[in-house]
Amino acid sequence: AKTKLLSEHKHDVPLMSCVFTPNGRHLLAGGRDAAIVCLDVASGKKTALTGHESWVGDMARTGDNLVLTSDYVGGVIAWDCSGELPSLCWKIAAHPGTIRALAVNADGGTFATGDRDGSVRLWQCSDGKMLREFPANEHPIYGLALHPDGKHIVIADRQPKTPTIQLWDIVN
């Protein structure tokens, strides 16, 4: 099967992440500015979504019309994607610095964040309430994955000499 480029949209700054909204109507992209590009897939119309205070980092879709976006000053925003355009649902100060990893559980109920300071936190998607903080790692966290069973998290650090992958039980 052949692939076919359907459209291309230029942007003013380098982009670092993107995600489709749960209904597939919009594409959100973020990068080296505080605004998120919201592209209507059908029309190609661009809208800037504001709310972040720095570069936009990772993005993830949850199960119920939410998209989560993180930034380089530790913020996470949940965007309600059920309307005409995504709108800010809630905003939290999740970490004191750059969030390098963001992962959502398969059921869309919880998400995890990892910071360059080695901290990992588990949150509730519906309101951004922190559920748990893990013991700090000595090195930046660049990878997180929540197991489909909802009971485990994988944490990957960026230690230059002996990087680690840790599997944690998040239920007990």
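Residues numbered from 1 in each chain as written. Predicted model: local features only at pLDDT ≥ 70, side-chain atom pairs only at ≥ 80, totals over all residues. Heavy atoms only, no water.

## Considerations on the overall build of the protein chain
Heads up, the condition is: Secondary structure is summarised from DSSP: a helix means a run of H or I of at least four residues, a strand means a run of E of at least two, and numbering begins at the N terminus for each. In this description the radius of gyration comes from C-alpha coordinates, and the expected globular size is given by 2.2 Å times residues to the power 0.38. The classification of residues rests on relative accessible area computed with a 1.4 Å probe and restricted to protein chains. Under 20% of the type maximum is buried, over 50% is exposed, and intermediate values are partly exposed. Per-residue and other accessible areas were derived by the Shrake-Rupley procedure at a 1.4 Å probe size, with only the shown protein chains allowed to occlude residues.
Along the backbone of the protein chain there are 0 helices and 15 strands. The C-alpha radius of gyration of the protein chain comes to 16 Å, within 12% of the 16 Å expected for a compact globule of 172 residues. Sorting the 172 residues of the protein chain into buried and exposed places 42% on the buried side. For the protein chain, the accessible surface area stands at approximately 9,300 Å², while carbon and sulfur atoms represent 53% of it.

## Concerning the pairing of strand S6 (residues 66-71)
So the rule is basically this: Strand pairing is assigned whenever DSSP identifies at least 2 bridges connecting the two strands.
S6 sits mainly inside the fold: 6 of its 6 residues count as buried. Burial along S6 is two-sided: the face carrying Leu 66, Leu 68 and Ser 70 and the face carrying Val 67, Thr 69 and Asp 71 are both buried. As paired elements, strand S5 (residues 56-61) and S6 share 4 bridges and run antiparallel to each other. Across the sheet, residue Arg 61 finds its bridge partner in S6, namely Val 67. Where S6 lies against strand S7 (residues 75-80), 5 bridges are found, and the strand directions are antiparallel. Each bridged residue has a counterpart across the sheet, and for Ser 70 the counterpart in S7 is Val 76. Hairpin connection of S6 to S7: 3 residues between the antiparallel strands, including Gly 74 at a positive phi of 90 degrees.

## A short note on the pattern of salt bridges
The cut-off we apply is this: Salt-bridge detection follows one rule: a side-chain nitrogen of Lys or Arg within 4 Å of a carboxyl oxygen of Asp or Glu.
A full pass over the atoms with the stated rule returns 5 salt bridges. For Arg 25, the salt bridge is made with Asp 40, and the minimal N-O distance between the two is 3.5 Å. Of this pair, Arg 25 sits in the loop between strand S1 (15-20) and strand S2 (26-31) while Asp 40 sits in strand S3 (residues 36-40), and the two are 15 residues apart along the sequence. The partly exposed category is assigned to Arg 25, whose relative accessible area is 33%. Residues participating in the shared-partner salt-bridge network are Arg 25, Asp 40 and Glu 84.

## Considerations on the packing of aromatic side chains
The test is simple: Ring pairs are drawn from Phe, Tyr and Trp, using the six-membered ring of Trp, whenever the two centres fall within 6.5 Å, and their geometry is named by plane angle: stacked under 30 degrees, edge-to-face over 60, tilted for the rest.
All chains considered together, the criterion is met by 4 aromatic pairs. Ring geometry for Trp 55 and Tyr 72: centres 5.5 Å apart, planes at 55 degrees, overall tilted. On the criterion of sequence distance, the pair formed by Trp 55 in the loop between strand S4 (46-49) and S5 and Tyr 72 in the loop between S6 and S7 is long-range, its members being 17 residues apart. Residue class for Tyr 72 comes out partly exposed when judged on its relative accessible area of 21%.

## Regarding the sheet that holds strand S12 (residues 130-133)
Counted only if it meets this: As a rule, the C-alpha atoms of each element are fitted with a line to give its axis, helices using only the stretch in contact, and angles between N-to-C directions run from 0 to 180 degrees.
Pairing is antiparallel in the open sheet, where 4 strands are placed in the order S9-S10-S11-S12. Because the sheet does not close on itself, it has two edges, and the strands there are strand S9 (99-104) and S12. Across the sheet, the axes of successive neighbouring strands diverge by a mean angle of 20 degrees, strand direction being ignored.

## A few points about the sheet that holds strand S14 (residues 152-157)
The strand order S13-S14-S15 describes an open sheet built from 3 strands, whose pairing is antiparallel. Strand pairing shows two members of the sheet lacking a second neighbour, strand S13 (141-146) and strand S15 (165-169), which therefore form its edges. For this sheet, the mean inter-axis angle between neighbouring strands, taken without regard to orientation, is 20 degrees. In this structure, S13 lies alongside S14, joined through 5 bridges in antiparallel fashion. Residue Leu 146 lies in a different strand from S14, and its bridge partner there is Ile 153.

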